[in-house]
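# Close look at the chain arrangement
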Amino acid sequence: LVLKGADGKELPLQTWPLAYWPDGSLKWTAHAISAAAALAGPFQIGQQTSGAAPGPVQNRSQARQRSAGDRIAWNATGSLIDIDTGPMRCRILKHDTAVVFESIMAGETKVAENGRLVLLVADQAQGEDAGTVATDEFISRIDKVTLEQSGPVRATVKIEGTHVSAKNGRTLLPFVVRLYFYAGQASVRLVHTIVYDADPQKDFVRGLGLEFDVPLREELQNRHVRLAGDTGMWAEP
């Protein structure tokens, strides 16, 4: 299938099957395009008449020689998956590690590294009658990483694992994280799914999220953190 914009030119399109009829014919398909300021509708989708559909680019320098953001470059080895959308490059470790993201690059600048899932579990609910509350910190353990889709417009990475207590090695809340990368985009969509296998009478989840190490390059006196909220800004050196 091909997609054409208002000017009649073909746009990069990625298509994959979702469901089939009992006789094996195609029932539903999914389609992905990468958002860009130059996109203008209405759009038309039709059958390709000649030539082969463009495939993913596996060489980053080749990807950068193309027009900005029209293809995803990827490279999968035994230890990691490297995905380059053009403005962003992400390295994902594949197994036996607590780190999901080894690094995230914007151009040639590293903006984050050592991305890992974190879980905080308390031994009792917090309230006026609560005594001393003990909190256990869990970190992610990656068991399996799969490159589900590999471009040219969209790449999808599936990460499976569980949380492990730093204190006693207990495992809790298995998870599946899917990462969606789009050609030309400097962002990644992350869908974080957990399976609640804890004891609701003993395990009280206090925090669940993703944590990064962020390199700070300015002088010590110029290093600040600022978070904007609905009613103001929180700032701290």
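These numbers come from a predicted model, not from an experiment.

## Examining the nonpolar core
Membership of the largest hydrophobic core comes to 22 residues, with the highest contact counts inside it found for I83, I92, V145, V157, I159, L179 and F181. Elements supplying a minimum of two residues to this core: β7 (80–84), β8 (88–93), β9 (101–106), β10 (109–122), β11 (135–150), β12 (154–165) and β13 (171–182). It is β13 that contributes the most residues to this core, four residues altogether. Apart from residues no more than four positions distant in its own chain, V157 is found in contact with I81, I83, I92, V145, T146, L147, V177, R178, L179 and F181. Residues V121, F138, L172 and A198 belong to the second largest nonpolar core, which totals six residues.

## Structural notes on the side chain of K158
Note that K158 resides in strand β12. Buried charge without a partner: K158 forms no salt bridge, and the closest opposite charge is E160, 4.0 Å away. Beyond its immediate chain neighbours, meaning those up to four positions away, K158 contacts K144, V145, T146, E148, V176, V177 and R178.

## Things to note about the pairing of β13
In terms of strand pairing, β12 meets β13 through ten bridges, oriented antiparallel. Bridging from a neighbouring strand, E160 pairs with V176 of β13. Turn length for the β12-β13 hairpin, with the two strands adjacent in sequence and antiparallel, is five residues, and the turn residue G169 shows positive phi of about 80°. Counted between consecutive antiparallel strands, the loop separating β13 from strand β14 (residues 188–194) contains five residues, among which G184 sits at a positive phi close to 80°.

## What to know about unusual backbone geometry
The backbone of N114 sits at a positive phi, close to 55°, despite the residue not being glycine. Secondary-structure assignment places N114 in strand β10. The phi torsion at L173 lies on the positive side, around 50°, for a residue other than glycine. Residue classification places L173 among the buried residues on the basis of a relative accessible area of 1%.

Rules behind the numbers
- Residues numbered from 1 in each chain as written.
- Predicted model: local features only at pLDDT ≥ 70, side-chain atom pairs only at ≥ 80, totals over all residues.
- Heavy atoms only, no water.
- Core = buried A, V, L, I, M, F, W, Y, C linked by side-chain atoms within 4.5 Å.
- Buried < 20%, exposed > 50% of the residue type's maximum accessible area, 1.4 Å probe, protein only.
- Helix = DSSP H or I, 4+ residues; strand = E, 2+ residues; numbered from the N terminus.
- Contact = heavy atoms within 4.5 Å.
- Lys, Arg positive; Asp, Glu negative; His and termini not counted.
- Salt bridge = Lys/Arg side-chain N within 4 Å of Asp/Glu carboxyl O.
- Pairing = 2+ DSSP bridges.

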